[in-house]
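Analysis of the macromolecular model
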Amino acid sequence: MNWKHVLLVLSLTALASAQSASSKEVAAAYPDAQALYVDIHQNPELSGHEVQTAAKLAGRLRGLGYDVTEHVRGTGIVAILKNGAGPTVMLRTELDALPGEEKTGLTYASKLRTKDDAGHEVPVMHACGHDLHMAAMVGTAAVMAHSKNTWHGTLMLIGQPAEETIGGAKGMLADGLLTRFPKPAVAVAMHVANLLPAGKVGITPGVFNTNADALRVTIYGKGGHGAAPHTTVDPIVIAARTILALQTIPSREVKPGEMAVVTVGYVHAGTKDNIIPDQAELGLTVRTRSAEVRKQVLAAIERITKAEAEAGNAPRAPTIEHNEAIDAVYNDPALAERLKGTLEAALGKENVVMEEPIPASEDFAYYVEQGIAGFYFMLGGADPEKFAEAEAGGTMLPSNHSPLFAPDVDPALHTGIEAEVAVLRELLK
Ligand SMILES: [Zn+2]
Ligand SMILES: [Zn+2]
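What comes next is a walk through the structure. (Residues numbered from 1 in each chain as written. Chains lettered and ligands numbered in written order. Predicted model: local features only at pLDDT ≥ 70, side-chain atom pairs only at ≥ 80, totals over all residues. Heavy atoms only, no water.)

Here we look at the sheet that holds strand β1 (residues 67–69)
The line we're drawing: Strand pairing requires that DSSP identify at least two bridges connecting the strands. Secondary structure elements are taken from DSSP: a helix is a run of H or I of four residues or more, a strand is a run of E of two residues or more, and numbering for both begins at the N terminus. Whenever a helix is involved, its axis is fitted only over the stretch in contact; in every case the axis is a line through C-alpha atoms, and angles between N-to-C directions fall within 0 to 180 degrees.
In spatial order, the strands read β1-β2-β7-β3-β8-β19-β9-β18; together these eight strands make up an open sheet with mixed pairing. The open sheet has two edge strands, β1 and β18 (352–354), and neither has a second partner. Neighbour-to-neighbour, the strand axes of the sheet open up by a mean angle of 25 degrees, direction not taken into account. Relative to strand β8 (residues 186–197), strand β3 (residues 88–94) runs parallel, the two sharing three bridges. By the bridge assignment for β8, M90 is matched with A187.

Considerations on the coordination of the zinc ion (ligand 1)
So the rule is basically this: As a rule, N, O and S atoms within 2.8 Å of a metal are its donors, except that Na, K and Ca use 3.2 Å; water is not among the atoms, so sites may look incomplete. Irregular is the label for any site that misses the other tests, which are tetrahedral for four donors with all angles between 85 and 135 degrees, and square planar for four donors or octahedral for six when opposite donors exceed 155 degrees and the remaining angles lie between 65 and 115.
Here the zinc ion (ligand 1) is held by C128 (SG), E164 (OE), E164 (OE) and H401 (NE2), and the distances to it run 2.0 to 2.7 Å. One can describe the donor arrangement at the zinc ion (ligand 1) as irregular, given that its four donor atoms subtend angles of 53 to 150 degrees at the metal. Sequence positions of the residues that donate to the zinc ion (ligand 1) give the spacing C-x35-E-x236-H. Between the zinc ion (ligand 1) and the zinc ion (ligand 2), the interatomic distance is 3.1 Å, and C128 donates to each metal, bridging them.

So, the pattern of salt bridges
Note the threshold: What makes a salt bridge here is a side-chain nitrogen of Lys or Arg within 4 Å of a carboxyl oxygen of Asp or Glu, nothing more. Per-residue accessibility, obtained with a 1.4 Å probe over protein chains only, is compared with the maximum for each type, and a residue is labelled buried under 20%, exposed over 50%, and partly exposed between these values.
The full count for this structure, using the stated rule, is 16 salt bridges. K56 is the partner of D39 in a salt bridge, and the nearest nitrogen-oxygen pair spans 3.1 Å. Residue D39 is found in helix α2 (residues 23–42), and its partner K56 is found in helix α3 (residues 51–63); the two are separated by 17 residues along the sequence. A residue is classified by how much of its surface remains accessible, and D39, at 26% relative accessible area, is partly exposed. The partner of R92 in a salt bridge is D363, with the nearest N and O atoms 2.9 Å apart. With R92 in strand β3 and D363 in the loop between β18 and α10 (365–368), this residue pair connects regions lying 271 residues apart in the sequence.

Regarding the pairing of strand β7 (residues 153–160)
Of all eight residues that make up β7, eight are buried, and the element is covered over most of its length. Two strands pair when backbone bridges link them, and strand β2 (residues 77–83) and β7 are joined in this way by seven bridges, in the antiparallel orientation. Paired with L81 across the strands is L155, a residue of β7. Of the pairings in the sheet, the one linking β3 to β7 comprises seven bridges and is parallel in character.

A closer look at α3
Counted only if it meets this: For a helix, the expected span equals 1.5 Å multiplied by the number of residues minus one. Taken from the helix axis, the directions to the C-beta atoms give the arc we talk about. We call two residues contacting when some pair of their heavy atoms lies within 4.5 Å.
The end-to-end C-alpha distance of α3 is 18 Å, a good match for the 18 Å that 13 residues give at a rise of 1.5 Å each. Among the residues of α3, those classed as buried are T53, A54, L57, A58 and L61. All buried residues of α3 lie within an arc of 125 degrees about the axis, which places them on one face of the element. Seen from the buried face of α3, the exposed residues on the opposite side, beyond 90 degrees, are V51 and G63. Its buried side turned inward, α3 meets α2, β1, β2, β3, α4 (130–145) and β7. Count one or two residues on from α3 and you reach G65, which has phi positive near 100 degrees.

A closer look at the environment of V264
Residue position: V264 is located in strand β13 (residues 260–269). Residue class for V264 comes out partly exposed when judged on its relative accessible area of 22%. Each C-alpha atom, one on V264 and one on T285, is 6.6 Å from the other, the two residues being 21 residues apart in sequence. What V264 contacts, discounting residues up to four positions off in sequence, is I243, L246, L282, G283 and L284.

Regarding the sheet that holds strand β11 (residues 211–220)
Overall, antiparallel pairing links the four strands, which are arranged β13-β15-β11-β16 in an open sheet. Each having just a single partner strand, β13 and β16 (319–326) make up the two edges of the open sheet. Direction aside, the axes of adjacent strands within the sheet are offset by 15 degrees on average. The sheet contact formed by β11 and β16 spans seven bridges and is antiparallel. When the bridges of β16 are listed, R216 appears paired with E321.

Some thoughts on the environment of P357
Within the secondary structure layout, P357 lies in the loop between β18 and α10. The spacing of P357 and F208 is 149 residues in sequence and 4.6 Å in space, taken between C-alpha atoms. Other than its neighbours up to four places away in sequence, P357 contacts T204, V207, F208, N209 and R289.

A short note on the side chain of T218
Here T218 lies in strand β11. Residue T218 is classed as buried on the basis of its relative accessible area of 6%. Setting aside chain neighbours within four positions, we find T218 in contact with Q279, A280, E281, P318, T319 and E321.

Description of helix α11 (residues 384–393)
Put simply, the rule is: Any pair of nitrogen or oxygen atoms within 3.5 Å is treated as a polar contact; in protein, a donor-acceptor pairing is required on top of that, and neighbouring residues in sequence qualify only through side-chain atoms on both sides.
Sitting at the amino-terminal end of α11 is D383, which places a side-chain oxygen 2.9 Å from the backbone nitrogen of E385. Just beyond α11, the residue with positive phi is G394, at close to 70 degrees.

Have a look at this one:
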């Protein structure tokens, strides 16, 4: 195929859907977006510490003519572009990276180490693709700023800190996100994942992900010499029984077909092989979709942990701290249906797929709970060839948070910008 032919096809495609960002518009914005991606990928910052990251994003958006407010609860930023009468539409990106050692082997892989909130030195990497979301936002911001004749209203871009530790959205809301700035009618966000090949997007009307609850359970025992267990109450043995019993909640108590996950993500107990410690700590994450199942599972955890402690002759009942409680993200079904058509026109029908809800969580739900219609969609990140190979072989590519997570930036970033521009133009018609 020669280039004239390509351009002809592309301009015909552009004509076919007036809302789509033309390839020329995306191509013009792409190098800057891609450069920002590489820079941020190499310089990740942990949740709540996204100082340089936020400054870079703010600088780019200011350079594009946006009215940027920094330090909206810590490192949060809000960038506004007013363009006449019309609705306010918000697009959100996260700013934070994760503690973890990057093993992607990319030339621009992160080699950084930093101190976490507990003061421990940890490696840090963008293992969730938030760097790609920021790069796409800058590309989208450029296209929107350079095509003000294609939309009207107020575009509100926000860079949210601390998504991974859940607190950023709440923090920005508490710092006046909806009172100091125009309240959006719609909030949009996307997330890159290897669940789809790059070039495609996924839409889930209604419940998009799961309710997430994080619990810390402390089991109490009586410490002593490892050689004299009869003089002690061993909290490790109680913890072990508890962990296994908790698994009967999803498998035996929750109605088959309902979604419930109970994961014990950490067990902390003891210091030395011949010392029986006096307590053991379990960190749990609980994922559910319906409010009733959520209530049922949380009650069962309390019942089982208490009963196991009693069975083990613990000197006191365990304490259960409910550290996090995040509601599922809800995609307004009518809006999702409408934007499905928009994305099909922009990316091609074959590149828009309907997806099942995913078993993850996200603090985007806090915005939606403020009475803002939400549209949260999935951006394909997998190298299409590797994706096809994995599918054929019945395996899966590294998921988000894996040390091997590396989205196929080109085309995923292109598609991300195209998708965001199409959605924003549709909402700001
Ligand atoms: Zn994540
Ligand atoms: Zn993420």
